[in-house]
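As a plain string of letters, each chain reads:
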Amino acid sequence: MGGKSGPLETALIRNRALRRSAVSQHLLLLEQAGLVAARKEGRNRYYRLDPEGMGRLRALVEQFWTDELDLLAADAAELAGNRPQPGEPAPR
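Reference entry: report on the structure contained in this document. (Residues numbered from 1 in each chain as written. Predicted model: local features only at pLDDT ≥ 70, side-chain atom pairs only at ≥ 80, totals over all residues. Heavy atoms only, no water.)

The subject of this paragraph is the pattern of salt bridges. In this structure the tally under the stated criterion is three salt bridges. We note a salt bridge from Arg45 to Glu31, for which the minimum N-O separation is 2.8 Å. Placement of the pair is Arg45 in strand β2 (residues 44-49) and Glu31 in helix α2 (residues 20-32), with a sequence separation of 14 residues. With a relative accessible area of 26%, Arg45 lands in the partly exposed category. Between Glu62 and Arg58 there is a salt bridge, with its nearest N and O atoms 2.9 Å apart. Separated by four residues within a single helix, Glu62 and Arg58 lie in helix α3 (residues 51-64), roughly one turn from each other. Overall, the relative accessible area of 47% leaves Glu62 in the partly exposed class. (Salt bridge = Lys/Arg side-chain N within 4 Å of Asp/Glu carboxyl O. Helix = DSSP H or I, 4+ residues; strand = E, 2+ residues; numbered from the N terminus. Buried < 20%, exposed > 50% of the residue type's maximum accessible area, 1.4 Å probe, protein only.)

Structure (structure tokens):
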């Protein structure tokens, strides 16, 4: 990711979400984990999602996702929906 920035990196940096060095470090870790693939052109590195790596990640998450987690997610969504909006009194 030296030199010029790719579209995602440019957007993250422009919006001040992350510094260039942080983006580079995160993408390197994702590459090492097999979730993205990189191609180098001169000083630039271009990243894309690796479908096989993402498939392995999805399978791993699905192994751990249980009915109990579905219930917890539903409860959290319900609680978030019942949260008072700014300026509204809290429910009693």
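After presenting the structure, the write-up continues.
Here we come to a nonpolar patch on the surface. Taken together, Leu49, Met54, Leu57, Leu60, Val61, Phe64, Trp65, Leu69 and Leu72 make up a surface patch of nonpolar side chains, about 850 Å² in accessible area. For the nonpolar patch, the secondary-structure elements that each account for two or more residues are α3 and α4 (67-81). The greatest single-element share of the nonpolar patch, amounting to five residues, is contributed by α3. Of note, Leu72 is situated in helix α4. (Patch = residues over 30% accessible without salt bridge, like charges linked within 9 Å, V, L, I, M, F, W, Y side chains within 5 Å. Areas by Shrake-Rupley, 256 points an atom, 1.4 Å probe, with all protein chains shown as cover.)

For α3, with 14 residues, the first-to-last C-alpha span of 20 Å sits near the 20 Å given by 1.5 Å per residue. With a side-chain oxygen lying 3.0 Å from the backbone nitrogen of Glu52, the N-terminal cap of α3 falls on Asp50. (Expected span 1.5 Å × (residues − 1). Polar contact = N/O pair within 3.5 Å; in protein donor to acceptor, adjacent residues only side chain to side chain.)

Let us now look at α2. Along its 13 residues, α2 runs 18 Å from first to last C-alpha, staying within 8% of the 18 Å computed at 1.5 Å per residue. Just downstream of α2, Gly34 is the residue with a positive phi angle, here 80°.

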